[in-house]
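Spelled out, the chains give:
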Amino acid sequence: CVTNWIALLWIFQPVDPVELFGRITLQGCFLKRQPEVSRDFAKFFADRILTARNLLDDAIFSERGSAVFRPRLRRRVKAFLRAAEREGLNAGASGNTALLDAATEAVAAELPTALPQGLYDYADGAFGLEASLGDAMAGGPRGASSRTSNSAPFRGT
């Protein structure tokens, strides 16, 4: 436990360079290499964590995401069933709650695999997350990434 705490201090503290004896400058190891490390970190997040496919999966299947996404999807499924009714198909289907719920669940389950990979690739590129994250993180010790290094656990409280 103590060794982990010391390692974290060594990585993140001090945030700003501190000169000792006029010749030695101390700064957290991460912060010294922040611009370089930021690009690698941003690439990792953009390629593996914040992908369009992962974001869609989260929107559909996570508790928080589905609370927002599922009602919208249900409205679209209901509109589709109403359109089918106007064409003389599935009379009364849009008013059948059990059918509407089952259809919404089926669409939600199939949606991630029904979309072509090219759409995910396009969205990943259009989001520009790697560049945005890299720029934000490489900005210097007063950027968003240093806020965590100034948090209470690193101050010894």
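Report follows, based on the coordinates. Counting restarts for each chain: residues are numbered from 1 in the order of the written sequence. With the structure being a predicted model, the display of local features is reserved for residues of pLDDT at least 70 and the display and counting of side-chain atom pairs for 80 or more, all residues being used for whole-chain, interface and lining totals. Hydrogens and water are ignored here; the side-chain numbers use all heavy atoms of the structure.

### Points about the packing of helix H4 (residues 52-61) against helix H5 (residues 63-86)
Link 1 in the chain: Contact geometry for H4 and H5: axes closest at 5 Å, N-to-C directions at 80°. The orientation of H4 relative to H5 falls into the category roughly perpendicular. Note on element contacts: H5 touches H4 through Glu63, Gly65, Ser66, Phe69 and Arg70, opposite Asp58, Ala59, Ile60 and Phe61.
Link 2 in the chain: For the contact of H4 with H5, the per-class residue count stands at four nonpolar, two polar and three charged. The axes used here are C-alpha line fits, helices contributing only the stretch in contact, and every angle between their N-to-C directions lies in the interval 0 to 180 degrees. The numbering of helices and of strands both runs from the N terminus, where a helix is a DSSP run of H or I of at least 4 residues and a strand a run of E of at least 2. Oblique is the label for every angle not falling under 35 degrees (roughly parallel), over 145 degrees (roughly antiparallel), or within 65 to 115 degrees (roughly perpendicular). The contact rule is simple, with two residues in contact once any of their heavy atoms fall within 4.5 Å. Throughout this entry, Asp, Glu, Lys and Arg are counted as charged residues, while Ala, Val, Leu, Ile, Met, Phe, Trp, Tyr, Cys and Pro are counted as nonpolar. The remaining residues, Gly among them, count as polar.

### Structural notes on the pattern of salt bridges
Link 1 in the chain: Each reported salt bridge corresponds to a side-chain nitrogen of Lys or Arg within 4 Å of a carboxyl oxygen of Asp or Glu. Scanning the entire structure with this criterion turns up four salt bridges.
Link 2 in the chain: For the salt bridge of aspartate 47 with lysine 43, the shortest nitrogen-to-oxygen distance reads 2.7 Å. Taken together, the residues span about one helical turn, with aspartate 47 and lysine 43 both in helix H3 (residues 34-49) at a distance of four residues.
Link 3 in the chain: A simple rule labels every residue: compare its accessible area, found with a 1.4 Å probe on the protein chains alone, to the largest value its type can have, and call it buried under 20%, exposed over 50%, or partly exposed in between. Classification of aspartate 47 by relative accessible area gives partly exposed; the value is 42%.
Link 4 in the chain: Its salt-bridge partner being glutamate 105, residue arginine 70 comes within 2.6 Å of it at the nearest N-O pair. One end of the pair, arginine 70, is in helix H5; the other, glutamate 105, is in helix H6 (residues 97-114), with 35 residues separating them in the sequence.
Link 5 in the chain: Classification of arginine 70 by relative accessible area gives buried; the value is 18%.
Link 6 in the chain: By relative accessible area, glutamate 105 is classed as partly exposed at 44%.

### Re the packing of aromatic side chains
Link 1 in the chain: Pairing of aromatic rings covers Phe, Tyr and Trp, the last through its six-membered ring, and needs centres within 6.5 Å; plane angles under 30 degrees mean stacked, over 60 mean edge-to-face, and all others mean tilted. The final tally for this structure, using the stated rule, is two aromatic pairs.
Link 2 in the chain: Between phenylalanine 41 and phenylalanine 45, the ring centres sit 4.7 Å apart and the planes meet at 45°, which makes this aromatic pair tilted. Of this pair, phenylalanine 41 and phenylalanine 45 both sit in helix H3, four residues apart, roughly one helical turn.
Link 3 in the chain: Take phenylalanine 41: its relative accessible area is 38%, and that puts it in the partly exposed class.
Link 4 in the chain: On the basis of relative accessibility, which here comes to 26%, the residue phenylalanine 45 falls in the partly exposed class.
Link 5 in the chain: Within the aromatic cluster, the residues linked to one another by ring pairs are Phe41, Phe44 and Phe45.

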